[in-house]
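An overview of the molecular structure
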Amino acid sequence: MSTPAPVKESSTAGPVTPAMFPPGQSRSSKRDERPLGAPSRPPGGIELPADARRSLGLTLILVASFMVVLDFSIVNVALPSIQGELGLAASAVQWVITGYAITFGGLLILGGRAADLFGRRRMFVAGLLVFTAASLAGGLAQDLTLLVVSRAVQGAGAALVAPAALSLITTGFAEGRQRTRALGMYGATASVGFVAGQVLGGVLVQFTSWRAVFLVNVPVGLLAALLAPKLLAKSRRPPVTRGLDVGGAVFITAAVAFLVFAVSQANVLGWASPAILAALALFVISAAAFVLVERRHRDPLVPAELMRMPSLRTASTLNLLLGLWNAGEMLVLSLYFQQVLADSPLVTGLAIAPQGVIGFTAGAFGARLGARIGIGRMLVLSGAAATAGFLVLTQLPAGGHYSPVMAAVMLVGFGTAGTAFGTMVIASGGVREHDQGVVGGVINTSRQIGAALGAALLPAVAFAFGHGGPTVGVSGARAAMLAGAVIAALATLVAWRHSLATGQRVSQADREEFLTGTDKHVTVSV
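Notes on the structure follow. Treat the numbers as computed from the prediction; the structure is a model and nothing was measured. (Residues numbered from 1 in each chain as written. Predicted model: local features only at pLDDT ≥ 70, side-chain atom pairs only at ≥ 80, totals over all residues. Heavy atoms only, no water.)

With 20 residues, helix 13 (residues 345–364) should cover 28 Å at 1.5 Å per step; its first-to-last C-alpha distance of 28 Å lies within 8% of that length. Its axis deflected by about 35° at Ile352, helix 13 carries its strongest bend there, up to four residues before the proline Pro354. Considered for burial, the residues of helix 13 that qualify are Leu346, Thr348, Gly349, Ala351, Ile352, Ala353, Gln355, Gly356, Gly359, Ala362 and Gly363. Along its buried surface, helix 13 packs onto helix 6 (177–207), helix 12 (310–340), helix 14 (366–373), helix 15 (375–393) and helix 16 (409–428). (Helix = DSSP H or I, 4+ residues; strand = E, 2+ residues; numbered from the N terminus. Expected span 1.5 Å × (residues − 1). Bend = angle between axes of the 7 residues up to and from the residue. Buried < 20%, exposed > 50% of the residue type's maximum accessible area, 1.4 Å probe, protein only. Contact = heavy atoms within 4.5 Å.)

Looking now at the side chain of Ser499. With respect to the helices and strands, the residue Ser499 is situated in helix 18 (residues 474–502). With residues up to four places along the chain from it excluded, the contact list for Ser499 reads Gly376, Arg377 and Val380.

Across the interface, helix 17 (residues 436–464) lies against helix 18 with an axial gap of 7 Å and an inter-helix angle of 140°. Between helix 17 and helix 18, the crossing angle belongs to the class labelled oblique. Two packed elements cross with a definite hand, and for helix 17 against helix 18 that hand is right-handed. Every residue of helix 18 that contacts helix 17 at Leu457, Leu458, Val461 and Ala462 is listed here: Gly476, Ala477, Ala479, Ala480, Ala483, Gly484 and Ile487. (Axes fitted to C-alpha atoms, helices over the stretch in contact; angles between N-to-C directions. Parallel < 35°, antiparallel > 145°, perpendicular 65-115°, else oblique. Left-handed = near helix turned anticlockwise from the far one by under 90°.)

Let us look at the environment of Ala479. Tracing the backbone shows Ala479 in helix 18. Owing to a relative accessible area of 17%, Ala479 belongs among the buried residues under this scheme. Among all residues touching Ala479, those that are not within four sequence positions of it are Val461 and Phe465.

Time to look at the nonpolar core. Counting 112 residues, the largest nonpolar core has Phe124 and Trp325 as its most contacted members. The biggest single contributor to this core is helix 12, with 13 residues. Not counting the four nearest positions on each side in its chain, Phe124 is found in contact with Leu60, Ile61, Ala64, Val161, Ala164, Ala165, Leu168, Ala228 and Leu232. Core analysis: the second largest hydrophobic core is formed by 18 residues, Leu70, Val75, Leu79 and Leu204 among them. (Core = buried A, V, L, I, M, F, W, Y, C linked by side-chain atoms within 4.5 Å.)

Right under this line is the structure:
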């Protein structure tokens, strides 16, 4: 790939946002290119400065994204309490996780395309309302059926929020310094949210009830849904729209749902069970049908030119591997702390918390690091850091409590956040505005599939190399960490090959302009 031409921060380089007005320019000026449908005045008739509205809008997106990511891990901590209060078998309570994973993973691409076609803000708000209503129902559920249905609806709402939130950022900030920094904050929020779920879940379960892990979403979701129309601009309509590719949407949703079901339930039912084999067969059939439908549709759900982009393929592969090591590591370490070291859920969350802190820092300052060494090198560095962290964790102690070895989770946290940030930058670069939603759906789907695989694979390794009982032993946990190191090393290799293939560099002048914020033309190294 040749070195890209500088991208001008103008209306031709990306969607015009309030942030792109020169200081002091009047909104009533003929040159005013405020986004169509953007609110001119907030409630009360007091006009906010453009930078203030932009910052508040980004904060709102980050809060909503934090809530969705938090929910993914916070419920795991509550599973033992749910099982005890409702009198459920271990295999039955797993459906609280599986029900969410199936709809979330299955509907992400559809949610992303819906955001492109029907409006990102509209889908963002709709997803928040669905997610909030389902959270309330889950917190009030008195039996497993209602709880699982609530979780499935929750996953559907999250599948609307996640790609819409990402595309609101990628279309709301000009490609280059502004977008890179916003994506850094988005990645940082996601990293700390995933780990914060472990800590907050432990606090809520230990001092209140498992129902609080659902009800905590209600006020946050309602407030975000009410503020979104005030702070976020309406999306531009795509230039040509023939309607939603219904056939493609049905088949890709079915394919991902069958795959997520198979890998989520394989440890419970067994890989050779009829249900798992049938789900895998249906996955293959649905995926093949999706490819056929996409080739014939005039306006496919996932445009072919997107899938031919090397940067999107690389980003999807890295997100798949990231989901593998991240979800599996969190689950195995939680089991290790509670079953090997006999720690409480709260102590377990606090022990893993440094991973989220470092992850937040890596995401927040990822734009600066990317400017200095290039996004490609940053992805290589992130994968190498995660690999090193997992190798240290293969020496987990067999007894006692917190060990200095556990500080290695900070290396894993840096690698996780750096990879998440870098992949969002390279995936969104050079993509048309009206395709950013589906790109967000593809990226999130890759990570969700990886998370489902990791949540099945790494615990399976831990049990296989353990003492053969129903709990995780230290030898099994060490083996699972070694598997995580192999996955992270593979991600490092993928990132290294991508960096070699692009062969791009950022000039010293570009770096200085990037860091000082004085650039008029921005070139991003991928």
